[in-house]
Amino acid sequence: AAGGVGFAYADEFLARGHMVVICDISPKISEAANALRQKHPGALIFETITDVSDKNSVEALANFAKENLGVVHKWINNAGIN
């Protein structure tokens, strides 16, 4: 979600009034979250570094999402290499 389709998904969900959790293996995820916060003032955006190739990292992401959102209504897996 630091860029590309993942960022676009987050942007659209925020535009529709949803809270989002975004993640990426790159520390650039913070830059992406800040860009979304600037575009959507007052929106709830939570970001974390996650390695989707690591089961424990994905489990930590799920826990992070539940802790910050309460209930997860949509989960989009979107990982790629540019």
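Data block above holds the structure.
Residues numbered from 1 in each chain as written. Predicted model: local features only at pLDDT ≥ 70, side-chain atom pairs only at ≥ 80, totals over all residues. Heavy atoms only, no water.

A.B. asks: Even after reading the chapter, I still don't get the pairing of strand β2 (residues 45-49), so can you show me in this structure?
C.D. replies: Summarising the sheet, strand β1 (residues 20-24) and β2 pair through five bridges and their orientation is parallel. Bridged to C23 within β2 is T48. In terms of handedness, the path from β1 via helix α2 (residues 29-39) over to β2 forms a crossover that is right-handed. (Pairing = 2+ DSSP bridges. Helix = DSSP H or I, 4+ residues; strand = E, 2+ residues; numbered from the N terminus. Right-handed = clockwise from strand over helix to strand, strands pointing away.)

A.B. asks: What is the right way to read α2 from this model?
C.D. replies: Helical geometry note: an α-helix holds 3.6 residues per turn, so side chains three or four residues apart project in the same direction. Taken as a whole, α2 has its buried residues at I29, A32, A33 and L36. Looking straight down α2, one finds its buried side chains confined to an arc of 100°; they lie on one side. Away from its buried face by more than 90 degrees, α2 exposes E31 and Q38. Taken together, the buried residues of α2 touch α1 (4-15), β1 and β2. (Buried < 20%, exposed > 50% of the residue type's maximum accessible area, 1.4 Å probe, protein only. Arc of directions from axis to C-beta. Contact = heavy atoms within 4.5 Å.)

A.B. asks: Which parts of the structure should I look at to understand the environment of F7?
C.D. replies: For F7, the position within the fold is in helix α1. A relative accessible area of 24% means that F7 is categorised as partly exposed.

A.B. asks: I'm lost on the nonpolar core in this one. Help?
C.D. replies: Burial of nonpolar side chains together is a common tendency in soluble globular proteins. Ranked by size, the top nonpolar core spans ten residues in total: A1, A10, L14, V20, I22, I29, A32, A33, L36 and I45. Where this core is concerned, the elements lending two or more residues are α1, β1 and α2. With four residues, α2 is the largest single contributor of residues to this core. Ignoring any residue separated from it by four or fewer positions in sequence, one finds A33 in contact with I22, I45 and E47. (Core = buried A, V, L, I, M, F, W, Y, C linked by side-chain atoms within 4.5 Å.)

A.B. asks: Explanation requested: the pattern of salt bridges in the structure shown.
C.D. replies: Where charged atoms of side chains with opposite charge meet at close range, the side chains can pair. Tallied over the entire structure, the rule returns four salt bridges. As a salt-bridge pair, R37 and E47 come within 2.7 Å of each other at their nearest N and O atoms. Of this pair, R37 sits in helix α2 while E47 sits in strand β2, and the two are ten residues apart along the sequence. Where E59 meets K55, a salt bridge forms, and the shortest distance between an N and an O atom there is 3.9 Å. Separated by four residues within a single helix, E59 and K55 lie in helix α3 (residues 55-69), roughly one turn from each other. Exposure remark for E59: the relative accessible area of 41% places this residue in the partly exposed category. (Salt bridge = Lys/Arg side-chain N within 4 Å of Asp/Glu carboxyl O.)

Note that every value here comes from positions in space, so none of it alone points to a role or purpose.
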